[in-house]
Amino acid sequence: MTRLPRLPFPALLLLAAVAGALNILAFAPFGWWPLQLVLFALLFHCLHRNGSEPTSVKKNIGIGLVYGWGWLVCGVWWLYISMHDYGGMPAWLAALAVALMGLALGAIPAGAVGMATWLRQRWSSSDAVTLLLILPACWTLGEWLRGWIFTGFPWVVSGYAHNASPLAGWAALFGVYGLGWLAALLGGALALLAQRQAVLASICVIVAIIGGGWSLQSVAWTQPAGKPISVRLLQGNVPQEMKFDPERLVDTLASYDMLIRAAPADLIATPETALPLLSYQIPAEYMAGLSDFAHRSGSHLIIGIPFSERPRDYTNSVIGIAPQMPLLTSANRAGYRYDKHHLVPFGEFVPFGFRWFVDMMRIPLGDFTRGAVVQAPFAVKDQQVLPNICYEDLFGEEIAAQIAAAYHDKTPQPTMLLNVSNIAWFGDTIALPQHLQISQMRTLETGRPMLRATNTGSTAVIGHDGKVLAQLPSFQKDALSASVQGYEGVTPYIVLGNHLIVLLTLLSLVLARFLSRKKPADAHI
C-alpha cells in the first residue's frame, strides 16, 4: 500500500478532528455526499497505516475519538441554543455541555475503530480484508449502537448523507445504517485503490455498490392505495420564547383556530404542542368550535397538544377529530389519540441522576409519560395516517415495526406518515434541514409519503420516493396545501428492520476471520 507521510501523533489527531468537522458538509443543507466517502478513505488510511509506524489500538482509539468529536459537535452544535437561549443555562456551561456530549458520543466510533484495529492485529488480516470487511463492519455496528444505547441519539449517522445519492436505492433493503455501511465500504475501497494489486477489486466494489443503488431506485416496493387526499399542514411560527408565555396563550389559541378554519381539507394538521396547554385546560368551547368546523367542512383534524387526564400524568400527543365524530365538549373527549413513545432525554424525561441539570433549564413539561410502542393510524377517507412526533422519526426501525405490526395483525395498514414537530428550540440553524433529511430517509425505508407539520420549519410534503414535493419557507406563518397519494405494501426494511444490516456486518467479521490467519496475541497495545 502507498503510505501517507509519517506524521507525529498530535498531527494525526488534528487531521482527524478537522476531517470529522468537515464530514458535516455531507449532510443537509450542504449535501456534499461524495466528501463523506473521501473522508472515510482518509480516516481508514490513517487508522490502517501511519507511515512506517505499526498501527496501535490506543492511538487509533484516539484518532476515532477526535474524528467523532469533530463530526458530532459540528453536527449538533445547535443544542447550545436550546440550552442557553431558551433554557437559561450560562453560555459557558451550555458550550461545555455540547462539547462533552460530542466527546461522549465520539467514544462510540472510537471504540469501533479500536475494536477493528484489535481484530486486524489478532487475525493478522490483509489490507483488503481490513478495509473492506473489518473497518466498515465495526464502524456500522458502532453507529447502530449509538441508535439505541441510553435510548439512542442517531442524529447525523452516516447514512443520512445519502438520501439523494446513488446509495438511496439501498434504503428500502438496509435502512439508514445500511447506507452508512455501504458508504464505509466505498471509503475502504477508495483507500485500497492506493494498492496496485487491489485496484481491480476496489473498482468492482465501487461499481457494484453504486450501480446496485441506481438499479434499485427503479424497484417499486409499494403501490398506490386508494384515492389521494387534500392536506393542509399548518406552520404557526410561534417564537419559542413566547410559546409557553401565559400572556401569549390566548393569541396562540386564536392563531391556530384561524389557521385551521381558513379552508377545509381532507386532513389539516398542526405542529407538535400547537396548543401549549394541558388538554383539560383548553376551554371546552374552543374544542367544540374545532369539532363543529370538522363536522361542517368534512375535514379531519390532527392537533398537537400535551394530553392529561390527571395531574402529574401527561403525554406529548396529537388528537384526531373526524367529521363523523360527535361534537366535542372538551379536549378529553377526542376520538383519536396518538401518544409519543420515544421521548427526548432532558427535554421530555429526566435521566437518572440528572435532575440538577434539567432544573437549570427553564423548559416546561419536562417529564412525560410514554405512549404505547404500537399505535393505530388515523383514518382519513381512503388513507390511514400514522403520526410520529418530532424526535421519533429518527428511529426508522420503530416506524417500520408499527407498519409491520399492522400487516401481521391484519389491522388497518398505514398508507402515509405524519411528523409533527416543534424544533424552534434550535433557532434558524442546520437542525431544520437535517430533520427534513431524516424524514426523507423514512420515506425511502418504508415506501410511503411523509407529511411534516412544524412550528417554524421545515413544513413539507415528501413523496414515497424521498423527494420533497412541496415545502413552506421557514419562519413564516402559513399553511401548506397539497394533494397526497398514499401507498401500501412492504419493503424488506419494514419486514426485517435493522436485523438484516446487523447480520450482514457480523457475517463480514466472520468472513474476515475466515480469510485471515491467526496471529499470536502480541499486538501493539
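On a predicted model such as this, the values are computed, not experimentally measured, just so you know. (Residues numbered from 1 in each chain as written. Predicted model: local features only at pLDDT ≥ 70, side-chain atom pairs only at ≥ 80, totals over all residues. Heavy atoms only, no water.)

Colleague: With reference to specific residues and values, describe the packing of helix α2 (residues 33-48) against helix α7 (residues 171-192).
Modeller: Two elements in contact, α2 and α7, have axes whose closest approach is 7 Å; the angle formed by their N-to-C orientations is 60 degrees. When the interaxial angle is binned, α2 and α7 end up oblique. Here α2 and α7 pass one another in a crossing that is right-handed. The residues of α7 that touch α2, namely those facing Gln36, Leu37, Val38, Phe40, Ala41 and Phe44, are Ala183, Ala184, Leu186, Gly187, Gly188, Leu190 and Ala191. In terms of residue class, the contact of α2 with α7 is built from 10 nonpolar, 3 polar and no charged. (Axes fitted to C-alpha atoms, helices over the stretch in contact; angles between N-to-C directions. Helix = DSSP H or I, 4+ residues; strand = E, 2+ residues; numbered from the N terminus. Parallel < 35°, antiparallel > 145°, perpendicular 65-115°, else oblique. Left-handed = near helix turned anticlockwise from the far one by under 90°. Contact = heavy atoms within 4.5 Å. Nonpolar A, V, L, I, M, F, W, Y, C, P; charged D, E, K, R; others polar.)

Colleague: Any chance you could break down the pattern of salt bridges for me, citing the residues and the numbers?
Modeller: Inspection of every chain in the model, using the stated rule, returns 8 salt bridges. One salt bridge connects aspartate 251 with arginine 248, and the closest N-O pair in it is separated by 3.6 Å. Exposure remark for aspartate 251: the relative accessible area of 44% places this residue in the partly exposed category. The shortest N-O distance in the salt bridge between arginine 452 and aspartate 393 comes to 3.8 Å. Taken together, the residues arginine 452 in strand β9 (residues 450-454) and aspartate 393 in the loop between β7 (383-389) and α13 (396-409) connect sequence positions 59 residues apart. Classification of arginine 452 as buried rests on a relative accessible area of 0%. (Salt bridge = Lys/Arg side-chain N within 4 Å of Asp/Glu carboxyl O. Buried < 20%, exposed > 50% of the residue type's maximum accessible area, 1.4 Å probe, protein only.)

Colleague: Any chance you could break down α2 for me, citing the residues and the numbers?
Modeller: Compared with an ideal rise of 1.5 Å per residue, which puts 16 residues at 22 Å, α2 spans 23 Å between its outermost C-alpha atoms and is within 8% of the ideal. For α2, the full list of buried residues reads Gln36, Leu37, Leu39, Phe40, Ala41, Leu43, Phe44, His45, Cys46, Leu47 and His48. Packed against the buried residues of α2 are α1 (9-22), α3 (57-75), α5 (91-123), α6 (127-146) and α7. (Expected span 1.5 Å × (residues − 1).)

Colleague: Talk me through the layout of surface pockets; I want residue IDs and the actual numbers.
Modeller: In this structure, the second largest pocket occupies an estimated 400 Å³ of space. If you trace the second largest pocket, you find 22 residues lining it, with Gln217, Leu444, His464, Asp465 and Gly466 closest to the centre. At the level of secondary structure, the elements contributing two or more residues to the lining of the second largest pocket comprise α7 and α14 (431-446). At 3 residues, α14 tops the list of elements feeding residues into the lining of the second largest pocket. (1 Å grid on protein atoms, 1.4 Å probe; cavity = no way out; pocket = protein on both sides within 12 Å on 5 of 7 lines; lining within 4 Å. Points joined across faces, edges and corners; volume = space filled by probe spheres on them.)

Colleague: So what's going on with the pairing of β9? Which residues, and what values?
Modeller: Along β9, 5 of the 5 residues are buried, which leaves the element largely enclosed by surrounding structure. Of the two faces of β9, the one holding Met450, Arg452 and Thr454 and the one holding Leu451 and Ala453 are both buried throughout. As paired elements, strand β8 (residues 416-421) and β9 share 5 bridges and run parallel to each other. Within the sheet, the bridge partner assigned to valine 420 lies in β9 and is alanine 453. Where β9 and strand β10 (residues 460-462) come together, 3 bridges link them in antiparallel fashion. Directly across from leucine 451, in β10, lies its bridge partner valine 461. (Pairing = 2+ DSSP bridges.)

Colleague: Can you tell me about the sheet that holds strand β12 (residues 478-488), naming the residues and giving the values?
Modeller: Read across the sheet, 6 strands follow the order β5-β4-β3-β2-β1-β12 without closing on themselves; strand pairing throughout is mixed. One side of each edge strand has no neighbouring strand; the edge strands of this open sheet are β5 (336-339) and β12. Each adjacent strand pair in this sheet contributes to an overall mean axis angle of 35 degrees, direction not counted. Two strands pair when backbone bridges link them, and strand β4 (residues 313-321) and β5 are joined in this way by 4 bridges, in the antiparallel orientation. By the bridge assignment, glycine 320 is partnered in β5 with tyrosine 336.

Colleague: Got a sec to walk through a nonpolar patch on the surface? Specific residues and values, please.
Modeller: A cluster of nonpolar side chains, Val38, Leu190, Leu193, Ile203 and Val207, forms an exposed patch at the surface whose accessible area comes to about 380 Å². Judged by its relative accessible area of 32%, leucine 193 is partly exposed. (Patch = residues over 30% accessible without salt bridge, like charges linked within 9 Å, V, L, I, M, F, W, Y side chains within 5 Å. Areas by Shrake-Rupley, 256 points an atom, 1.4 Å probe, with all protein chains shown as cover.)

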